[in-house]
Amino acid sequence: MKKALVTGITGQDGSYLAELLLEKGYQVHGVIRRASSFNTSRIEHLYQDRHDAGDGPSLTLHYGDLADGQGLTDLMLATEPDEVYNLGAQSHVRVSFDSPIYTHDVVAGGALRVLEAARRLADKKPVRVYQASSSEMFGKVHETPQKETTPFYPRSPYACAKVAAFHHTVNYRDSYGLFAVNGILFNHESPRRGETFVTRKITRGATRIAEGLQNKLYMGNTDSKRDWGYAKEYVEGMWRMLQADQPDDYVLATGVTETVQHFLELSFGAVGLDWQEYVETDPRYFRPAEVDLLLGDPSKAKAELGWEAETDLNGLATLMVEHDRDLARREKHAGDYEVSTGAHANQPATGPAA
Ligand code: NDP
Ligand code: GDR
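- In the annotation of an unreviewed UniProt entry, the chain is listed under the name GDP-mannose 4,6-dehydratase and assigned to Alienimonas chondri.
- Checking UniProt for the chain, the heading Sequence similarities (unreviewed entry) contains the comment "Belongs to the NAD(P)-dependent epimerase/dehydratase family. GDP-mannose 4,6-dehydratase subfamily."

**Regarding the site of ligand 2**
For step 1, the next point in the chain: Close contacts around ligand 2 come from 22 residues, with S91, S134, V198, G220 and S224 the closest.
For step 2, the next point in the chain: Those elements giving two or more residues to the shell around ligand 2 turn out to be α3 (93–98) and α6 (198–210).
For step 3, the next point in the chain: Looking at the shell around ligand 2, its residues break down into 7 nonpolar, 9 polar and 6 charged.

**Focus: the confidence of the model for the chain**
For step 1, the next point in the chain: Per-residue pLDDT for the chain averages 95, and the proportion of residues at 70 or more is 94%.
For step 2, the next point in the chain: Across the assembled chains, the prediction reports ipTM 0.99 with pTM 0.96.

**So, the site of ligand 1**
For step 1, the next point in the chain: For ligand 1, the set of nearby residues contains 26 residues, the closest of which are G8, G11, G88, A89 and A132.
For step 2, the next point in the chain: Mapped by element, the contributors of at least two residues to the shell around ligand 1 are α1 (12–23) and β5 (128–134).
For step 3, the next point in the chain: In terms of residue count, α1 provides more of the shell around ligand 1 than any other element does, 3 residues in total.
For step 4, the next point in the chain: Partitioning the shell around ligand 1 into residue classes produces 9 nonpolar, 14 polar and 3 charged.

**Some words on the packing of α6 against helix α8 (residues 260–270)**
For step 1, the next point in the chain: Remark: α6 packs on α8, axes separated minimally by 9 Å, with the N-to-C direction vectors making an angle of 30°. Judged by the inter-axis angle, α6 sits roughly parallel to α8. Both α6 and α8 take part in a crossing whose hand is right-handed. Across from V198, T199, I202, T203 and A206 in α6, the residues of α8 making contact are V260, F263, L264, S267 and F268.
For step 2, the next point in the chain: When the residues that make up the contact of α6 with α8 are grouped by side-chain class, the tally is 7 nonpolar, 3 polar and no charged.

**Re the pairing of strand β2 (residues 27–32)**
On any regular strand, side chains alternate: one points to one face of the sheet, the next to the other face.
For step 1, the next point in the chain: Counting buried residues in β2 gives 6 out of 6 residues, a clear majority hidden from the surface.
For step 2, the next point in the chain: Burial along β2 is two-sided: the face carrying Q27, H29 and V31 and the face carrying V28, G30 and I32 are both buried.
For step 3, the next point in the chain: The pairing of strand β1 (residues 3–7) with β2 spans 5 bridges and is parallel. Note that in β2 the partner of T7 across the bridge is V31.
For step 4, the next point in the chain: Sheet topology places β2 next to strand β3 (residues 58–63); 6 bridges connect them, and they run parallel. Among the inter-strand pairings, V28 is bridged to a residue of β3, identified as L59.

**Looking at the sheet that holds strand β6 (residues 179–185)**
For step 1, the next point in the chain: Spatially, β3-β2-β1-β4-β5-β6-β11 is the arrangement adopted by the 7 strands of the open sheet, whose pairing is parallel. Two strands bound the open sheet, and with one partner strand each, they are β3 and β11 (250–252). Sheet twist, expressed as the average angle between the axes of neighbouring strands with direction ignored, equals 20°.
For step 2, the next point in the chain: Across the face of the sheet, α1 comes into contact with β1, β2, β3 and β4 (83–86) while running at roughly 165° to β2.

**Focus: the packing of α1 against helix α7 (residues 231–243)**
For step 1, the next point in the chain: Two elements in contact, α1 and α7, have axes separated by 9 Å at closest approach and are oriented at 65°. Read as a crossing pair, α1 and α7 show a hand that is right-handed. Contacts from Q12, D13, Y16, L17 and L20 in α1 reach A231, K232, V235, E236, M238 and W239 in α7.
For step 2, the next point in the chain: Class assignment for the residues of the contact of α1 with α7 results in 7 nonpolar, 1 polar and 3 charged.

**Section: the nonpolar core**
For step 1, the next point in the chain: Core analysis: the biggest nonpolar cluster contains 91 residues, and V6, L17, A118, V129 and L252 have the highest contact counts within it.
For step 2, the next point in the chain: Ranked by residue count, the leading element in this core is helix α4 (residues 100–122), at 10 residues.
For step 3, the next point in the chain: In contact with L252, other than residues within four places in its own chain, are G183, L185, F186, Y234, G237, P298, A301 and W307.

**Thoughts on α6**
For step 1, the next point in the chain: The end-to-end C-alpha separation of α6 is 18 Å, in line with the 18 Å expected for 13 residues at 1.5 Å each.
For step 2, the next point in the chain: For α6, the tally of buried residues reaches 13 of 13 residues, placing the bulk of the element in the interior.
For step 3, the next point in the chain: Of the residues one or two after α6, G212 is the one with positive phi, at around 75°.

**Considering unusual backbone geometry**
For step 1, the next point in the chain: Looking along the chain, the bond that leaves T144 and enters P145 is cis, with omega of -5°.
For step 2, the next point in the chain: Position of P145 among the secondary structure elements: in the loop between β5 and α5 (157–176).

**Quick look at the pairing of β4**
For step 1, the next point in the chain: Residue alternation in β4 divides its side chains into two sets, E83 and Y85 and V84 and N86, and both sets are buried.
For step 2, the next point in the chain: Of the pairings in the sheet, the one linking β1 to β4 comprises 4 bridges and is parallel in character. Each bridged residue has a counterpart across the sheet, and for T7 the counterpart in β4 is N86.

Cut-off values and rules
- Residues numbered from 1 in each chain as written.
- Chains lettered and ligands numbered in written order.
- Predicted model: local features only at pLDDT ≥ 70, side-chain atom pairs only at ≥ 80, totals over all residues.
- UniProt positions renumbered as here; feature names shortened; annotations may be inferred.
- Near = placed C-beta within 6 Å.
- Helix = DSSP H or I, 4+ residues; strand = E, 2+ residues; numbered from the N terminus.
- Nonpolar A, V, L, I, M, F, W, Y, C, P; charged D, E, K, R; others polar.
- pLDDT = per-residue confidence, 0-100.
- Axes fitted to C-alpha atoms, helices over the stretch in contact; angles between N-to-C directions.
- Parallel < 35°, antiparallel > 145°, perpendicular 65-115°, else oblique.
- Left-handed = near helix turned anticlockwise from the far one by under 90°.
- Contact = placed C-beta atoms within 7 Å.
- Buried ≥ 20, exposed ≤ 12 C-beta atoms within 10 Å, placed from the backbone.
- Pairing = 2+ DSSP bridges.
- Core = buried A, V, L, I, M, F, W, Y, C linked by C-beta atoms within 7 Å.
- Expected span 1.5 Å × (residues − 1).

Printed below as a string of structure tokens:
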């Protein structure tokens, strides 16, 4: 039975990946951060009390942090995984402008700590490492669509840190012969997407407005264009990269780009509303530097891994709206809500913009 170690298991991708690996019969070890409140809601359905677990596929959670290199090395040597997926990150681009040094430490330093820990383990047994690289690395693009050979021009502290992590991963492959790969993933979304990322903010906003829980939705730059896919399909691509004969870097994308405005149209349209009547601009959501256009070329992943995105943007908006409409209805029936302006519906009114 194969063993996998996953950082960022409590996030959107971590939860889908853990599901996939368990389905494939893996023993999954997940790194979670100690928090004063529960942060495991996305993986609760996967967790089986260790007292009830037999010898089959299982999920075991360990406390750890990407800032703690010694802890990661100890965990790596104790669990001896065949595959490591480094998905943990401060992953919000806007937030990285507010916390650049922390973001750099966790995203770039964290990746390096994982690679170092894996190098130690590789002295004892073979291990394969997946690094969660990002289309944000392309930033201000000079070539469209973007592919594995397109030069990087990062436009945020987050993206700069992901570029550093990318190069560390390639360097460990070249220097030590470690089986280490970069998945350069374009935006991928789902009902499990964090509520301050643009698609989920829109599907939550549109459905809460439709149910009378919110009056307005305040947005940043709605002209930017993204290549959005469905997260559940992208974790399959991560896994395939680690099953390949040789380690290499791959773009995962749909090959279609649309504006944020188009996603607003689709989501509000799905609940019978005209987005222009409800959406207002709040400059707090603008970024000091914006990435205007991302469009990926996934042909290498298709040719070499047999991976292809299946869900289009309309399908993605529909499944997210359906999920969030149920959520809004449950909120409404629970009755413990106040109709909000929607300025900061999903975060404290005095909270920072994200
Ligand atoms: P999420 O923001 O949903 O999840 C991030 C995860 O990282 C959470 O489990 C979080 O834990 C954990 N984490 C944050 N800080 C630390 C830390 N200091 N130590 C350990 N763990 C930490 O991200 P996604 O699931 O969307 O993305 C997964 C990875 O893929 C990230 O690295 C992201 O940057 C990258 N990526 C994502 C894309 C996307 O479109 N979703 C596209 C390209 C790359 P907690 O729950 O406690 O906060
Ligand atoms: P992104 O995703 O920055 O591409 O990073 P996000 O959903 O945050 O923004 C996409 C685009 O929408 C614009 N936008 C807004 N964004 C947010 N969050 N909130 C708003 O109110 C808003 N209004 C407009 C943004 O300016 C941007 O142009 C995501 C993350 O998952 C990264 O971790 C990952 O690496 C990349 O995708 C690929």
